[in-house]
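Architecture and fold: a report
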Amino acid sequence: VFLGNGPSGICLSYLLSGYVPYFKRDSLHPHPILQRKLEEAQDVSILDQDLEYLSEGLEGRSHSPVALLFDTLQRPDTDFGGTAESVLSWWHETDRAVPHLVLGRNAPGGAWHSIEGSMVTLSRGEWMGLPDLPFKDWLKQKRRGLRNNRATAEDIAQYYQHYVMKKGLQKNFRCGTVVTSVRKVSAESISNHAQKDLQENSDSLWNFNEKSTEVFQVDGFFKTVKGDKEPFSIYAQNVVLATGTYDSPTWLGVKGENLSYVHHQLSALEEAVKNNSIGIMSDPVLIVGAGLTAADAILFAHHCNIPVIHVFRRRVSDPGLIFNQLPKMMYPEYHKVHQMMKEQSAACAGPYECYVSLPEHHVLSFGKDKKCIFQDKNGYQKVYKISMALVLTGSNPNLSFLPNNGIDLAMDSDQPVNPKRNPIDVDPFTYECTQEKGLYALGPLAGDNFVRFVQGGALAVASSLLKKANKNPP
């Protein structure tokens with residue numbers, strides 16, 4: 001059972017549906033050592049090879065060796081602007097399929113359905129693609145090209161849905177499901193009825209076998225068309241966590257943050273503009289944060305001529321600021337926001353109307369009268385009257401369905417799981433949780449935050465589950 005039907009869950013479903021990658025004969029990988037290793041076992045699928053051996057010595061923009069491996073097999077020289085074809089060929093070997101269920105709240109594509117459709121992705125469009133169906137080929141069928149090599153969120157959400165249909169994976173997907181609990185139970189305690197269900201298919205990975213004394217019980221409910229909630233319980237020997245991090249926006253923890261004009265999602269601004277509750281003549285919108293979501297909010301407000309006060313804790317020149325890590329040519333709009341942050345501080349009026357930047361400030365409180373108090377690094381305070389506030393300082397995964405919110409699974413088991421600072425502790429070559437055998441974590445939960453790199457985790461999980469199910473050829 002996989003929890004989450006975003007890119008990680010879709011990719012893993014593809015790999016467990018009998019689609020097997022092999023090194024394409026006569027293809028040449030630009031990495032000579034990897035090429036030599038691939039030639040050593042041309043007839044053995046990548047899933048059945050030693051992933052640690054293959055990925056040894058690879059370098060790139062991810063800390064995960066398997067993520068770098070799968071990425072470079074699919075897009076050999078993409079980081080150098082090259083367009084070399086994938087060195088993989090995919091074979092559909094139905095006898096190697098492993099029965100599985102993918103549970104998700106939305107349609108396949110996960111959080112991509114919750115993002116404003118016209119938003120342009122940070123990553124290049126071709127990096128958003130899944131195995132054996134290049135994103136740009138799909139776009140060409142729609143007679144569309146990539147703007148600046150980048151894609152819109154709406155395109156990506158549609159592509160992921162199309163991918164599931166095209167690859168025949170829809171039978172494994174259950175959308176409109178909410179999981180409320182995942183816990184280990186002893187196999188003896190399961191009712192005979194459930195045991196029979198588990199035993200009905202002897203090939204099943206979820207097959208109740210003699211060796212297994214414990215299984216996972218996954219509880220939750222389906223949302224029916226009528227809006228009713230139908231409860232379910234599923235038993236599985238392996239559970240994959242692929243729920244991403246979009247669930248719970250981070251709060252500042254200051255007074256008045258729960259007032260109705262303080263929001264934690266960009267969609268609140270879009271909604272307010274749509275229903276005309278905010279406009280050119282309104283008091284400024286306060287945007288808190290210095291990441292890409294905050295930048296998207298600033299661009300959106302700027303486009304609508306809505307005045308903005310922008311508050312963030314870091315210095316504008318801080319190398320840790322995402323804007324200082326993005327190439328200007330590829331990200332002109334984010335570079336523009338960075339310019340505004342630099343040139344338009346409250347201390348000196350700059351060329352951009354309707355925008356004030358307050359670097360190295362933080363919010364002290366939100367008042368009922370919509371007056372907001374800020375403090376700078378020297379302890380000086382400022383008061384601004386605002387129309388609405390958007391606190392966009394990141395988000396955390398919601399793992400409330402796990403015992404102790406999943407904290408025991410994290411690298412630092414005293415702190416909540418956080419994709420950037422404290423991911424779930426997994427084995428780098430199987431993505432199985434080090435603290436709980438049979439439980440796997442993928443994507444941002446395991447520290448892989450880009451679509452191009454979550455797929456290596458799916459490769460590692462598929463390889464591990466196939467070994468467990470004895471679906472590997474000798």
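Relevant structure appears above.
Each chain has its residues counted from 1, running along the sequence as written. Whole-chain, interface and lining totals are the exception, using all residues; otherwise, since this is a predicted model, local features are given only for residues with pLDDT of at least 70 and side-chain atom pairs are given and counted only at 80 or more. Derived side-chain values reflect all non-hydrogen atoms in the structure, with water molecules and hydrogen atoms excluded from consideration.

**Digging into the overall build of the protein**
Threshold: What counts as a helix is a DSSP run of H or I of at least four residues, what counts as a strand is a run of E of at least two, and both are numbered from the N terminus. Partly exposed describes any residue whose relative accessible area lies between the buried limit of under 20% and the exposed limit of over 50%, with all areas from a 1.4 Å probe on protein chains only and scaled to the type maximum. A contact between two residues is defined here by any heavy atoms of the two lying within 4.5 Å. Only the protein chains shown count as cover for residues, and the accessible areas themselves come from Shrake-Rupley with a 1.4 Å probe.
Helix and strand content of the protein: 11 helices and 22 strands. Here the protein holds 474 residues, and 53% of them are scored as buried. A fraction of 68% describes how many contacts in the protein between residues 6 or more apart in sequence connect residues 24 or more apart. With an accessible surface of roughly 22,500 Å², the protein has 50% of that area assigned to carbon and sulfur atoms.

**Section: the side chain of Thr-72**
Along the chain, Thr-72 falls in helix H4 (residues 65–74). When near neighbours in sequence (up to four residues on either side) are disregarded, Thr-72 contacts His-29, Leu-34 and Leu-58.

**Quick notes on the pairing of strand E2 (residues 19–23)**
Counted only if it meets this: Pairing between strands requires that DSSP locate at least two bridges from one strand to the other.
In terms of burial, E2 is largely enclosed, as five of its five residues are buried. Burial of E2 is two-sided: the residues Tyr-19, Pro-21 and Phe-23 facing one way and the residues Val-20 and Tyr-22 facing the other way are all buried. Sheet analysis places E2 next to strand E3 (residues 88–92), joined by five bridges and oriented antiparallel. If you follow Tyr-19 over to E3, its bridge partner there is His-92.

**A closer look at the sheet that holds strand E14 (residues 285–288)**
Applied cut-off: What counts as an axis is a line fitted to C-alpha atoms, over the stretch in contact for a helix, and the angles between N-to-C directions run from 0 to 180 degrees.
Spatially, E13-E20-E14-E15-E16 is the arrangement adopted by the five strands of the open sheet, whose pairing is parallel. Each edge of the open sheet carries a strand with a single partner, namely strand E13 (262–263) and strand E16 (355–358). In terms of strand pairing, E14 meets strand E15 (residues 308–311) through four bridges, oriented parallel. Opposite Val-288, over in E15, you have Val-311 as the bridge partner. Strand contacts of helix H8 (residues 267–274): E13, E14 and strand E20 (388–391), with the helix running at about 155° to E20, the strand carrying the most contacts.

**Structural notes on the sheet that holds strand E17 (residues 361–366)**
In space, the three strands of this open sheet follow the order E17-E18-E19, with antiparallel pairing throughout. Pairing within the sheet leaves two strands with one partner each, and these edge strands are E17 and strand E19 (381–385). Between one strand axis and the next, the sheet turns through 30° on average, direction left out of account. As paired strands, strand E18 (residues 371–376) and E19 are joined by five bridges and run antiparallel to one another. Bridge pairing links Lys-371 to Lys-385 in E19.

**Notes on the packing of aromatic side chains**
Applied cut-off: Classification of ring pairs rests on two measures: the distance between centres of Phe, Tyr or Trp rings, Trp counted by its six-membered ring, which must be within 6.5 Å, and the angle between planes, read as stacked under 30 degrees, edge-to-face over 60 and tilted in between.
Considering all chains together, one arrives at 10 aromatic pairs under this definition. Measuring from centroid to centroid gives 5.5 Å for Tyr-159 and Tyr-160, while their planes differ by 55°, and the two rings are tilted. Its relative accessible area of 0% is what places Tyr-159 among the buried residues. Residue Tyr-160 is classed as buried on the basis of its relative accessible area of 0%. Geometrically, the ring pair formed by Tyr-261 and Phe-366 is edge-to-face, given 6.3 Å between the ring centres and 85° between the ring planes. In this pair, Tyr-261 sits in the loop between strand E12 (248–249) and E13 while Phe-366 sits in strand E17, placing the two residues 105 residues apart along the sequence.

**Quick word on unusual backbone geometry**
The backbone of Asn-404 shows a phi angle near 55°, a positive value even though the residue is not glycine. Structurally, the position occupied by Asn-404 is in the loop between strand E21 (395–396) and strand E22 (439–441). Here Asn-405, not a glycine, exhibits a phi torsion of approximately 55°, which is positive. Accessibility expressed as a relative area gives 43% for Asn-405, which makes it partly exposed.

**Some words on the nonpolar core**
As a reminder, the rule being used: Buried Ala, Val, Leu, Ile, Met, Phe, Trp, Tyr and Cys residues that are joined via side-chain atoms within 4.5 Å together make up what is termed a nonpolar core.
One finds Leu-3, Leu-12, Val-182, Val-218, Val-239, Leu-241 and Ile-424 to be the most contacted residues of the largest nonpolar core, which totals 82 residues. Per-element accounting of this core gives the leading share, nine residues, to helix H11 (residues 451–468). Sequence-distant contacts of Leu-241, defined by excluding residues within four places in its chain, comprise Leu-3, Phe-401, Leu-402, Leu-409, Ile-424, Leu-439, Tyr-440, Ala-441, Leu-442 and Leu-445. Grouped together as the second largest cluster of nonpolar side chains are 32 residues, Ile-287, Leu-292, Leu-321 and Leu-390 included.

**Points about the environment of Asp-95**
In this fold, Asp-95 is placed in the loop between E3 and strand E4 (102–104). When the C-alpha positions of Asp-95 and Ser-17 are compared, they lie 9.2 Å apart, and in sequence the two are 78 residues distant.

**Digging into helix H10 (residues 332–343)**
How we decide: An expected span of 1.5 Å times one less than the residue number is assigned to each helix. Starting at the helix axis, one direction is taken to each C-beta atom, and the arc is that of these directions.
An ideal rise of 1.5 Å per residue puts 16 Å on 12 residues; H10 measures up with 16 Å between its terminal C-alpha atoms. Along H10, the positions that sit buried rather than exposed are Glu-333, Tyr-334, Val-337, His-338, Met-340 and Met-341. Down the axis of H10, the sector holding all buried residues measures 155°, keeping them to one side.

**A short note on the packing of H4 against H11**
Put simply, the rule reads: Note on angle classes: values under 35 degrees are labelled roughly parallel, values over 145 roughly antiparallel, values of 65 to 115 roughly perpendicular, and the remainder oblique. Basically, the charged four are Asp, Glu, Lys and Arg, the nonpolar ten are Ala, Val, Leu, Ile, Met, Phe, Trp, Tyr, Cys and Pro, and anything else, Gly included, counts as polar.
The geometry of H4 relative to H11 is characterised by a closest axis approach of 7 Å and an angle of 110° between their N-to-C directions. Taken together, the axis directions place H4 and H11 in an arrangement best described as roughly perpendicular. For the pair H4 and H11, contact is made by Val-66, Ala-67, Leu-68, Phe-70, Asp-71 and Gln-74 and by Arg-452, Phe-453, Gln-455, Gly-456, Leu-459 and Ala-460, respectively. Of the residues belonging to the contact of H4 with H11, the class tally is seven nonpolar, three polar and two charged.

**Topic: the pattern of salt bridges**
We apply this condition: Should a side-chain nitrogen of Lys or Arg be within 4 Å of a carboxyl oxygen of Asp or Glu, the pair is scored as a salt bridge.
One pass over the structure, following the stated rule, counts 12 salt bridges. The partner of Arg-452 in a salt bridge is Asp-71, and the shortest N-O contact between them spans 2.6 Å. A residue pair is termed long-range when its members are at least 10 positions apart, and Arg-452 in helix H11 and Asp-71 in helix H4 qualify at 381 residues. Taking the relative accessible area as the measure of exposure, Arg-452 reaches 3% and is therefore buried. In this structure Asp-71 comes out as buried when scored by relative accessible area, which is 5%. Measuring nitrogen to oxygen at the nearest pair gives 3.4 Å for the salt bridge that ties Arg-314 to Asp-318. The class of Arg-314 is partly exposed, set by a relative accessible area of 40%. Because the salt bridges share partners, they merge into one network encompassing Asp-71, Arg-75 and Arg-452.

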